[in-house]
Amino acid sequence: MIDVKHVTKRFGEGQTAVTALRDISLTIPEGSFFTLLGPSGCGKTTLLRLIAGFELPTEGEITLDGDSIGHLAPNNRPVNTVFQSYALFPHMSVARNVGFGLEMLKRPKAEIEATIHEMLELVQLGEFASRRVDQLSGGQQQRVALARALAPRPKVLLLDEPLSALDLKLRKGMQSELKRLQNETGITFVFVTHDQSEALAMSDQIAVMSAGAVRQVGTPEEIYTAPQSRFVADFIGDTNIVSATLLGFEGDKASIRFGEGTPLTVQTASTSLKPGAVHVALRPETIDVVDEGADRALLRGAVVDSTYFGAGSQMLVRLDDGVAVLVQVATPRAIGARVGLECDTSMLHVLED
Amino acid sequence: MTKFLSLFRRSTGSRELRRQPLFTGMSWLVLVFLYAPIAVLVVFSFNDNRSVVRWTEFSLRWYAAALENDDIRRSAMISIQVALTATIFSTVIATMAALATTRGGVYRGRAAAIALINQPLMIPEIVTAIATLAFFSILRQLTGVTGIGWLILAHTVFCVPFAYMPIRARLSDMSVTYEAAAADLYASPWQAFRHVTLPLLMPGVMAGAMLAFVVSLDDVIITLLVAGPGETTLPIYILGQIRRGVTPEVNAVSTILIGLTVAMVTLTFFLQRKQK
């Protein structure tokens, strides 16, 4: 288990200092596939480098299974990294790359040989042991990088956007491959990505980051269906964010109203919001299109665009208050038509700003 | 005149430039003046005649004579001894300097340090030579130490910037991620250097060492002023000989030196190409 406690990281000094991470606290459970997700510049790679030991925290502490590791050199941490650029040693064979960690740890030759063999089998590159690194394809280099980082049996494996250099088809394959490796080895994986679909597909838990802070931590389902903030809702999937009026709270639910409509009881990210204007997340796949005059219609507007994508169509509806909403439908309405929008109110979610 | 100027105005692309008759003619002229004397020297070193202007017959007699000449053999040995030792010391120093200026992080005075290391290349050699002569005389007097060590020290110093350039270039091109990966895989800083940085840096180190060797081998000015009695290097010996006129023997020795230099430079070129 990794505990990140009140970690702040600043680069530079004085006036020109840049704060990359601001008072981050995070717990990464043992044996989990944990993803740090966020746009570029959010600090996710910096956090990874702090866990690896390539950077030291300006403030705060990092512990691994209770032992403080935040200020150890990288070679003294039982943590290995798969680099974005792989960083395979070009002057060594595949086998020596994989055995490098154990060689540095001065393990017996027989053990090193056995582990190299086992690891290359694990990533299905058994017959490539004596090849030179530059004779491998990008996908194969990726697997060697994985085998090399797993060979010393680290407590934690850090992966820095390892799939970003691969083409789409290879990337899909490697996603399930990574899941399989994590299951088979039981090692904690900390995975950095800016790709929300990758994060949703692979993770046990996701920490969504922006501007040097963790915005939300949860399972992919929690993150997707119950985003706490506008940022998270916006970053994960094609979410519509519409305006509503918060009337008050009923227990842990919120009472809201669209325009002058009837009050609705919906989920909320927080019960400490002030009554008044709030934002509500609305997933496109939970919306139904009805006639404008229908009682069930919660929102009303005009169709401004529609895109056919095979399994259905995506319609863009401009609401009367000017907000554009994406809707998935089987048969689109004509452009310019007035429509009403209805949705399962249990899927509505009031957001913090 | 206007026609001459418009000729340049039109020649924006390199292809156009190459087609200008002036350009081609100038290139040939330069090449001829550069290499013709060397070619003549090489050709006449194989001439079976004492004259260096009249060709008679092919012969290796001047090479045999040169190799049997005790003075040439002695000065060649001194040259090689000085060049090899200076190369080893200067390459080690240059490697450490290159590491400090590319891997030591950003610190105050780094740009100044790089400039200071490279500056000797810009200072006229005669100035360095006179300064070294004066400084070494003081040191010799103070310490009472004499011997070839001073000459080796002087060569080491002026070889450092030559060795430094290719090593630093190689290090700047090398991603620091390799060293990070080594540290991540439990290599101590020394192990990371020994197993990752140094092997990857080797083409640059070899190129630097060869440059240093060549520069030391044919140095005249500094050696002339710093070398003590009995420390005559090959270039100094040749210089002494040609005061009495160019002999075929000197041609033969010079040809050997040219061959050695060309071989070194070619090797350096291929080493630097390989690293790309």
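Reading the values: the criteria
- Residues numbered from 1 in each chain as written.
- Chains lettered and ligands numbered in written order.
- Predicted model: local features only at pLDDT ≥ 70, side-chain atom pairs only at ≥ 80, totals over all residues.
- Heavy atoms only, no water.
- Pairing = 2+ DSSP bridges.
- Helix = DSSP H or I, 4+ residues; strand = E, 2+ residues; numbered from the N terminus.
- Axes fitted to C-alpha atoms, helices over the stretch in contact; angles between N-to-C directions.
- Phe/Tyr/Trp six-rings, centres within 6.5 Å; stacked < 30°, edge-to-face > 60°.
- Lys NZ or Arg CZ within 6 Å of the ring centre and 35° of its normal.
- Core = buried A, V, L, I, M, F, W, Y, C linked by side-chain atoms within 4.5 Å.
- Buried < 20%, exposed > 50% of the residue type's maximum accessible area, 1.4 Å probe, protein only.
- Contact = heavy atoms within 4.5 Å.
- Right-handed = clockwise from strand over helix to strand, strands pointing away.
- Domains from an automatic or database assignment.
- Buried area = accessible area lost by both parts, 1.4 Å probe.
- Salt bridge = Lys/Arg side-chain N within 4 Å of Asp/Glu carboxyl O.
- Polar contact = N/O pair within 3.5 Å; in protein donor to acceptor, adjacent residues only side chain to side chain.
- Nonpolar A, V, L, I, M, F, W, Y, C, P; charged D, E, K, R; others polar.

Q: Looking at this structure, how should I read the sheet that holds strand S15 (residues 287–290) of chain A?
A: Think of a sheet as strands paired side by side through backbone hydrogen bonds, with each pair either parallel or antiparallel. Residue and element names in this part refer to chain A. If you walk across this open sheet you meet the five strands as S15-S19-S16-S17-S18, and the pairing is antiparallel. Here the strands that pair on one side only, and so sit at the sheet edges, are S15 and strand S18 (324–329). Shown here is a sheet whose adjacent strand axes are inclined to one another by a mean of 45 degrees, direction ignored. Judged from the seven bridges that link them, strand S16 (residues 299–308) and strand S17 (residues 313–319) form a sheet pairing that is antiparallel. Counterpart to Gly-301 in the pairing with S17 is Leu-319.

Q: In this structure, what is going on with the packing of aromatic side chains? I would like to understand it.
A: All chains considered together, the criterion is met by eleven aromatic pairs over all chains. Centre to centre, the rings of Trp190(B) and Phe193(B) are 5.8 Å apart; their planes meet at 35 degrees, and the pair counts as tilted. Taken together, the residues Trp190(B) and Phe193(B), both in helix H10 (residues 189–217) and three residues apart, mark about one turn of the helix. Taking the ring centre of Phe89(A) as reference, the NZ or CZ of Arg148(A) above it sits at 4.7 Å. Above the plane of the ring of Tyr224(A) lies Arg283(A), whose end atom (NZ or CZ) is 3.9 Å from the centre.

Q: What should I look at first to understand the nonpolar core in this one?
A: Generally speaking, nonpolar side chains in soluble globular proteins are found buried as a group. Grouped together as the largest cluster of nonpolar side chains are 70 residues, with contacts concentrated most on Ile2(A), Leu36(A), Leu47(A), Phe89(A), Phe100(A), Leu158(A) and Val190(A). Here this core gets eleven residues from one element, more than from any other, and that element is helix H8 (residues 149–173) of chain B. Ranked by size, the runner-up nonpolar core spans 36 residues in total, among them Leu120(A), Leu125(A), Leu157(A) and Met174(A).

Q: In this structure, what is going on with the sheet that holds strand S7 (residues 156–160) of chain A? I would like to understand it.
A: All names here are of chain A. An order of S6-S7-S8-S3-S9-S10 is seen for the six strands of this open sheet, with the pairing classed as mixed. On the outer flanks of this sheet lie strand S6 (79–82) and strand S10 (213–218), each paired with one strand and no other. Here the average twist between neighbouring strands, direction ignored, is 20 degrees. Sheet topology places strand S3 (residues 33–37) next to strand S8 (residues 188–193); five bridges connect them, and they run parallel. Bridging from a neighbouring strand, Thr-35 pairs with Phe-191 of S8. Of the strands in this sheet, S6, S7 and S8 are in contact with helix H4 (residues 138–150), which crosses S6 at around 175 degrees. Those strands touched by helix H5 (residues 168–185) are S3, S7 and S8, and its axis lies near 160 degrees from that of S8.

Q: Explanation requested: unusual backbone geometry in the structure shown.
A: Glycine aside, the phi torsion of most residues is negative, and most peptide linkages are trans. Residue and element names in this part refer to chain A. In this structure, Lys-106 takes a positive phi of about 60 degrees despite not being glycine. Look at Glu-161: it is not a glycine, yet its phi comes out positive at around 40 degrees. Tracing the chain through its elements places Glu-161 in the loop between S7 and H5.

Q: Teacher, can you tell me more about the pairing of S8(A) here?
A: Residues in a regular strand project their side chains so that they alternate between the two faces of the sheet. Residue and element names in this part refer to chain A. Most of S8 sits out of view: six of its six residues are buried. Burial along S8 is two-sided: the face carrying Thr-188, Val-190 and Val-192 and the face carrying Phe-189, Phe-191 and Thr-193 are both buried. Bridging between S7 and S8 involves five bridges; their strand directions are parallel. Residue Asp-160 lies in a different strand from S8, and its bridge partner there is Val-192. For the segment spanning S7, H5 and S8, crossover handedness is right-handed.

Q: What should I look at first to understand the domain arrangement of chain B in this one?
A: It is common to report an interface's size as the accessible area lost on association of the parts. Residue and element names in this part refer to chain B. Partitioning chain B into domains gives domain 1 (2–44) and domain 2 (69–274). In this assembly, four residues from domain 1 lie in contact with four residues from domain 2. Summed over both partners, the interface of domain 1 with domain 2 buries about 360 Å², with 70% contributed by carbon and sulfur atoms. Among the residues of domain 1 in contact with domain 2, Leu-41, Val-42 and Phe-44 are the three that bury the most area, contributing 86% of the side total. Taken together, the connections running from domain 1 to domain 2 amount to zero salt bridges. Where domain 1 touches domain 2, the interface holds zero residue pairs in polar contact (both at pLDDT 80 or more). The class makeup of the residues in the side of domain 1 that touches domain 2 is four nonpolar, no polar and no charged.

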